[in-house]
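Analysis of the macromolecular model
Chain by chain, the residues run as shown.
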Amino acid sequence: KAGVTQTPRYLIKTRGQQVTLSCSPISGHRSVSWYQQTPGQGLQFLFEYFSETQRNKGNFPGRFSGRQFSNSRSEMNVSTLELGDSALYLCASSAGFSGSDHEQYFGPGTRLTVT
Amino acid sequence: GENVEQHPSTLSVQEGDSAVIKCTYSDSASNYFPWYKQELGKGPQLIIDIRSNVGEKKDQRIAVTLNKTAKHFSLHITETQPEDSAVYFCAASAYTGGFKTIFGAGTRLFVKA
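The shown structure was predicted, so the numbers you read here are calculated from the model rather than taken from an experiment. (Residues numbered from 1 in each chain as written. Chains lettered and ligands numbered in written order. Predicted model: local features only at pLDDT ≥ 70, side-chain atom pairs only at ≥ 80, totals over all residues. Heavy atoms only, no water.)

This part is about the pairing of strand S9 (residues 86-95) of chain B. All names here are of chain B. In terms of residue burial, S9 counts as a mostly covered element, since nine of its 10 residues are buried. With five bridges joining them, strand S4 (residues 32-38) and S9 adopt antiparallel strand pairing. Paired with Gln-38 across the strands is Val-87, a residue of S9. Sheet analysis places S9 next to strand S11 (residues 107-112), joined by three bridges and oriented antiparallel. (Buried < 20%, exposed > 50% of the residue type's maximum accessible area, 1.4 Å probe, protein only. Helix = DSSP H or I, 4+ residues; strand = E, 2+ residues; numbered from the N terminus. Pairing = 2+ DSSP bridges.)

What follows covers the sheet that holds strand S8 (residues 72-77) of chain B. All names here are of chain B. Read across the open sheet, the five strands follow the order S1-S3-S8-S7-S6; overall the sheet is antiparallel. Looking at strand neighbours, the two that pair on one side only are strand S1 (4-7) and strand S6 (56-59), the edges of this open sheet. Averaged over all pairs of adjacent strands, the angle between strand axes in this sheet comes to 15°, irrespective of strand direction. Sheet topology note: the strand S3 (residues 19-25)/S8 ladder contains six bridges and is antiparallel. (Axes fitted to C-alpha atoms, helices over the stretch in contact; angles between N-to-C directions.)

With that settled, consider unusual backbone geometry. The omega angle of the peptide bond from Thr7(A) to Pro8(A) is -10°, so this bond is cis rather than trans. The linkage connecting His7(B) with the following residue, Pro8(B), adopts the cis geometry, with an omega of -5°. Note on placement: Pro8(B) falls in the loop between S1 and strand S2 (10-14). The residue Ser51(A) is not glycine, and still its phi comes out positive at about 45°. Mapping Ser51(A) onto the fold places it in the loop between strand S5 (42-50) and strand S6 (53-57). Its identity is not glycine, yet Glu52(A) carries a phi of approximately 70°, on the positive side. Among the secondary structure elements, Glu52(A) is positioned in the loop between S5 and S6.

In structure tokens form, the structure reads like this:
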């Protein structure tokens, strides 16, 4: 079974631009969560989607948004990029049908650099 | 808000020795506690997990213990090997209509050959 895939793997953007990152979960998994990883703040939860609905959200500004498609693939968008948005963005998938389906499997991440 | 504290931030052991990493969580709704290993340039890899109705779980050289009353959980690695060198993260997860997982800050483990 293929793992979680994320595209692109590396991205360089300029301050003020916007960016869209993509995540394809493990086949059969319907829950996709997004995390931001930085040396200073560690792994921080952005949001979780299940069956095209956002079920939970972390403490990030509205510039960070996401969506999920009917095939469970998910995208996250960051608008008006700031230097502090430079980070590794990780996507994790899980079966997600109930509270007992917590096991999350991470993709390799997208390394975003904002200049 | 909810948080997970993880100690130590860095741990250096000799090959063959044991390593212990400890975490404390604050959200009483947390009922699932995974541990992840992250190697350079890769995403975190789930290595073991424990649910709130279990006190201890073991998988070969790795074991995890949970004290729900004290809100403590720990990772134990025995007979460490150089390939165990990586960053380890603990996490606490709650399901309240949707998943929310809070991660510890990570422990960088060095295993010296």
